[in-house]
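Reading the structure
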Amino acid sequence: MIAGPRIRGNRGRSAPVSRCLLLALALLLPLAERCAKKQEEDFGGGSGGINASFQPAAPASCARPDQLSLQPASTNGSVVNLNITATDCDASLLLNGVNFEIAFDDTAMDFLGCSAGGVFPSNRLAPGTPACIVASAGDLIGTVALQLPNSFRISGGQAILMRLTFNVRQKGISSPISFSATDSLAGTALFFADPVTQFATPYPLGAPMYAGGTLISN
Amino acid sequence: MNRWAPTLVLALCALAGATATVRAQPAVGSLEVAWDANLTDADLAGYRIYVDDDPNTFGLAPPAAKLQAFKTMDVGTSVTDQVFTNLDASKVWFFAVTSLDVSGNESAFSNVVNAQPGLTPTVRSVVPNTAVQGTAGLSVTITGTNFVSTSVVSFGAGITVVGLNTAGVPTSLIATINVDPVAQAKAYSVTVTNPGGSFGTKSGAFTVTVRAGRADIDASDRIDGADFLSILLGFPSVNGDAHYNINIDMDADGKVDGADLAIFFSFFGLIGPFP
């Protein structure tokens, strides 16, 4: 019998102690510094016998135009952590946050939780965010934003906006995960509200490219 | 003598604002009597109020009536109304007023008025005790004591009583209510007022909660990030601010604050259509 991970609900705001951090403290001191600086959190532990991984549809690379993509973060058995990553190598985008809608096969995997990326410091986060919930079967929606009028630019070419955690249910799965309703504030879009007209309606910045990927288990 | 006699103008009204102590003595009540000031007699010394449950008392001359009356009370020239408490609620009480001058003379009676103290109602329970904003035609059963067929039920601003079934008096009333779509989400007191003004209130007896559809600000039939952005625009703000918007003030308390965001995210992800 396969033991399932501990389900923390769809809206992951708190997380168990990071396995990455524990491992780094015990074994890999150089890596510990990198892990400790990250705000993103992983949810749950993997189940025995399943080895899951994520294959991104596109790398987060400056060889490509600005994009919003899913990138692998870490895996632990059946549990896979993905990063929603924004790539903007010329730092041209001024951002308040991101709304996203992700389609996944809920017969193949469960959504466990989410956490905000380091570009959203907790003292400037819009209250209530990050928020992620499976609105309907296989339809994950979420949002994270800075409280207005705060904004940020991406430095170093790319930034992790959100971390998502999924649990793969069984072996032998190759299941796509993709952004849907792109360039829409009601779906997937980076957005910005002009601080000059601070309380004007935020507008979607979109991205030239959106890239999901495939969850694989064996 | 033929001195001017005051006129009772407000007739009689039961004392509003009965306390719990009064409610514990349902057999007694209060009445208030008021009269026009005497502006014609320069030597006016005050007024005398006569109270009795026998109307024949007022057929006597005032000095003689004083010996028969259940109660008399002398008040100064600046007083033009008086409350009488602990009156037997099972009786009809008659009132008249006379003027007194500095020489001790007394006028004839004013007009005689009468009333019966209303029993003070009590509100014990309200069922159902909750509704969402925008609910219409909800029947609410109020149980208690001393309700009468002419009782009036009120919930407070934002909730309108559109009908009242009094078949169950004196212990039950069924109010049909409409909750305003932007009624403040909070606990409301339910008050039953009897003719004459005596009333009973149960604090926090009825709670209005936020209608989920209010969080679907863009009416897209899904409560999602786009709706969140609408709230974010007005967070924080108070009524009167340029960026305050009642549509994003989920609990309609005049402030777009953390409570509204918490309410919003409690609905996040819901899919309509929303009523």
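The following paragraphs examine the structure supplied in this document. Keep in mind that what you see is a predicted model, and the values were worked out from it rather than measured.

1. Observations regarding the side chain of Thr87 of chain A
Its location among the elements puts Thr87 of chain A in strand E3 (residues 79–87). On the accessibility criterion, Thr87 of chain A (2% relative accessible area) is buried.

2. A look at the interface of chain B and chain A
With 18 residues of chain B at the interface, the matching set in chain A holds 28 residues. Summed over both sides, the interface between chain B and chain A buries roughly 1,800 Å², with carbon and sulfur atoms accounting for 72% of that surface. Between chain B and chain A we count two salt bridges in total. Between Asp139 of chain A and Arg222 of chain B there is a salt bridge, and its shortest N-O distance comes to 3.1 Å. The tally of links from chain B across to chain A stands at five residue pairs in polar contact (both at pLDDT 80 or more). Counting residues per element, the ones that place at least two in the side of chain B that touches chain A are helix H3 (225–233) and helix H4 (258–267) of chain B. Ranked by the residues each element gives to the side of chain B that touches chain A, the list is headed by H3 of chain B, at six residues. Residue composition of the side of chain B that touches chain A, grouped by class: 12 nonpolar, four polar and two charged.

3. Considerations on the sheet that holds strand E12 (residues 159–165) of chain B
All names here are of chain B. Taken together, four strands build an open sheet; the order of strands is E8-E10-E13-E12 and the sheet is antiparallel. Edge strands, defined here as strands with exactly one partner in the open sheet, are strand E8 (122–127) and E12. Each adjacent strand pair in this sheet contributes to an overall mean axis angle of 35°, direction not counted. Relative to strand E13 (residues 172–179), strand E10 (residues 138–145) is paired through six bridges, and the arrangement is antiparallel. Counterpart to Thr143 in the pairing with E13 is Ser172.

Reading the values: rules and limits
Residues numbered from 1 in each chain as written. Chains lettered and ligands numbered in written order. Predicted model: local features only at pLDDT ≥ 70, side-chain atom pairs only at ≥ 80, totals over all residues. Heavy atoms only, no water. Helix = DSSP H or I, 4+ residues; strand = E, 2+ residues; numbered from the N terminus. Buried < 20%, exposed > 50% of the residue type's maximum accessible area, 1.4 Å probe, protein only. Contact = heavy atoms within 4.5 Å. Buried area = accessible area lost by both parts, 1.4 Å probe. Salt bridge = Lys/Arg side-chain N within 4 Å of Asp/Glu carboxyl O. Polar contact = N/O pair within 3.5 Å; in protein donor to acceptor, adjacent residues only side chain to side chain. Nonpolar A, V, L, I, M, F, W, Y, C, P; charged D, E, K, R; others polar. Pairing = 2+ DSSP bridges. Axes fitted to C-alpha atoms, helices over the stretch in contact; angles between N-to-C directions.

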